[in-house]
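# Report on the structure
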Amino acid sequence: RRHLLPALYEEAAHPTQAAPAEIAGADRELFARERPAGAWAWLHGRYPDRKLTLDTSPQLDLQIDSLEWVTLTIEIERRFDVTLTGDALSRVLTLRDLLREIDEAAVAAPQGAASLPSFEPPGRVLAAFGAVLIAVVRLVARLGWGVRVEGADRLPASGPLLFTPNHTSYLDAGMVIAALPWRQLMGTYWAGWVGVMHSSALRRLVSRSTRVFPVDPDRNPTAAMRTARDLLAHGHSVVWFPEGWRSPTGELQKFQTGVGVLLEDGNVTAIPTAIHGAFAAWPKHERWPRLKPVRVVFGAPRRFTPGATPDVIRAELERAVAELLASSATPR
């Protein structure tokens, strides 16, 4: 059958992106409906260099990992006005499954209609406990790592503000806590991965008291985005790590699209933030931290024009943080 190879090669080298020519009855009914048909056309536009079939595996063939799922589900929610839950995504093994889940998904709630859908802010007692914990972290960071701050005078007096620091170490949040003015700190919320900040009852208590809301890219990828958007809509500030995970090398990684979604309506001020020295103090591959000097630099506040695409916003913020990091490779 080697004589078939030239035709197969040509087909792979120049894929066509038309809808399937031959589809079974159930699939034909699926494509007859507006949302699955629209989603199929959108997928072709998003992956123009791939030959897509209904049996294409998002995980194996398109190499979609948990962070890419976050971006995809955000786009699906915005484009097709539906919400894909973590359970729905767990059932997606092929693009056919994805189209069916989009077709059967519940219509997304209007933005701001639900209050803090995946996070309950602390009450007075927990907030007081959290203030004590934050004060302790602030003191330890300043005494142990000698945190120096630049650009704090640039920070607007009121929110909503979205801080976008680089992420190289478990120390990063503590360094930003040490750098922010106290009054501003008390109105700021934090995005924290569930695998660390919400992995036990005690950690969940600490997280809630210090206003850390959960980010779970595997089981509920868009809940954190909805929480952050709702917090910003209510005038609060949010610290969001746009890279999604700690850099294994200390170099700035590509920002995820989610940060652009949070800023695209033009109502939120972005604060590019650079943390110098945290990687040297506690890199990802080390078990324990070291006492190394750290410097936190707040860049010039930025507002984006409504209508700017999330990808454009993401790229501009990534460039702004890269410039802050390049201004000095080591703390002064």
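Rules of the game
Residues numbered from 1 in each chain as written. Predicted model: local features only at pLDDT ≥ 70, side-chain atom pairs only at ≥ 80, totals over all residues. Heavy atoms only, no water. Pairing = 2+ DSSP bridges. Helix = DSSP H or I, 4+ residues; strand = E, 2+ residues; numbered from the N terminus. Axes fitted to C-alpha atoms, helices over the stretch in contact; angles between N-to-C directions. Contact = heavy atoms within 4.5 Å. Core = buried A, V, L, I, M, F, W, Y, C linked by side-chain atoms within 4.5 Å. Buried < 20%, exposed > 50% of the residue type's maximum accessible area, 1.4 Å probe, protein only. Parallel < 35°, antiparallel > 145°, perpendicular 65-115°, else oblique. Nonpolar A, V, L, I, M, F, W, Y, C, P; charged D, E, K, R; others polar. Phe/Tyr/Trp six-rings, centres within 6.5 Å; stacked < 30°, edge-to-face > 60°. Lys NZ or Arg CZ within 6 Å of the ring centre and 35° of its normal.

The next subject is the sheet that holds strand β4 (residues 161-165). One open sheet accounts for seven strands, arranged β3-β9-β8-β4-β7-β5-β6; its pairing is mixed. If you trace the sheet from one side to the other, it starts and ends with β3 (148-150) and β6 (212-215), each paired once. Sheet twist, expressed as the mean angle between neighbouring strand axes with direction ignored, is 25°. Bridge analysis of β4 against strand β7 (residues 237-239) gives two bridges, and the strand direction is parallel. Residue pairing across strands places Phe163 opposite Val239, the latter belonging to β7. Taken strand by strand, helix α15 (residues 310-326) contacts β4, β8 (269-276) and β9 (295-298), and its axis lies near 35° from that of β8.

Here the focus is the nonpolar core. Core analysis: the largest hydrophobic core is formed by 28 residues, its most contacted members being Leu162, Phe213, Val238, Trp240, Leu262, Leu263 and Leu317. Looking at this core, the elements that each hand over two or more residues are α4 (66-80), β5 (188-193), α12 (223-233), α13 (258-263), β8 and α15. In terms of nonpolar packing, the next biggest core, distinct from the first, is built from 27 residues, Phe163, Met175, Ile275 and Ala278 among them.

With that settled, the discussion passes to the packing of helix α7 (residues 124-145) against helix α11 (residues 201-209). Working note: a packed helix pair is described by the angle between its axes plus the distance between those axes. At their nearest, the axes of α7 and α11 sit 8 Å apart, and the two run at 90° to each other. The pairing of α7 with α11 is recorded here as roughly perpendicular in orientation. Side by side, α7 and α11 meet where Leu126, Ala127, Phe129, Gly130 and Leu133 of the first sit next to Leu205, Val206, Arg208 and Ser209 of the second. The residue makeup of the contact of α7 with α11, split by class, is six nonpolar, two polar and one charged.

β4 sits mainly inside the fold: five of its five residues count as buried. Residues of β4 alternate between two faces, with Leu161, Phe163 and Pro165 on one and Leu162 and Thr164 on the opposite face, all of them buried. When β4 meets β8, the two strands line up parallel, connected through five bridges. Along β8, the bridge assignment pairs Pro165 with Thr273.

Another aspect to go through is the packing of aromatic side chains. One pair of aromatic rings is described through two measures. These are the centre distance and the angle between the planes. In the structure shown here, the tally under the stated rule is five aromatic pairs. When the centroid spacing of 5.7 Å and the interplanar angle of 65° are considered together, the rings of Tyr170 and Trp282 count as edge-to-face. One end of the pair, Tyr170, is in the loop between β4 and α8 (172-179); the other, Trp282, is in the loop between α14 (278-281) and β9, and 112 residues separate them in sequence. The partly exposed category is assigned to Tyr170, whose relative accessible area is 43%. In this structure Trp282 comes out as buried when scored by relative accessible area, which is 18%. For the cation-ring pair, Arg211 lies above Tyr189, with the distance from its terminal atom to the ring centre recorded as 5.9 Å. Arg246 extends its terminal NZ or CZ atom over the ring of Tyr170, reaching a point 3.8 Å from the ring centre.

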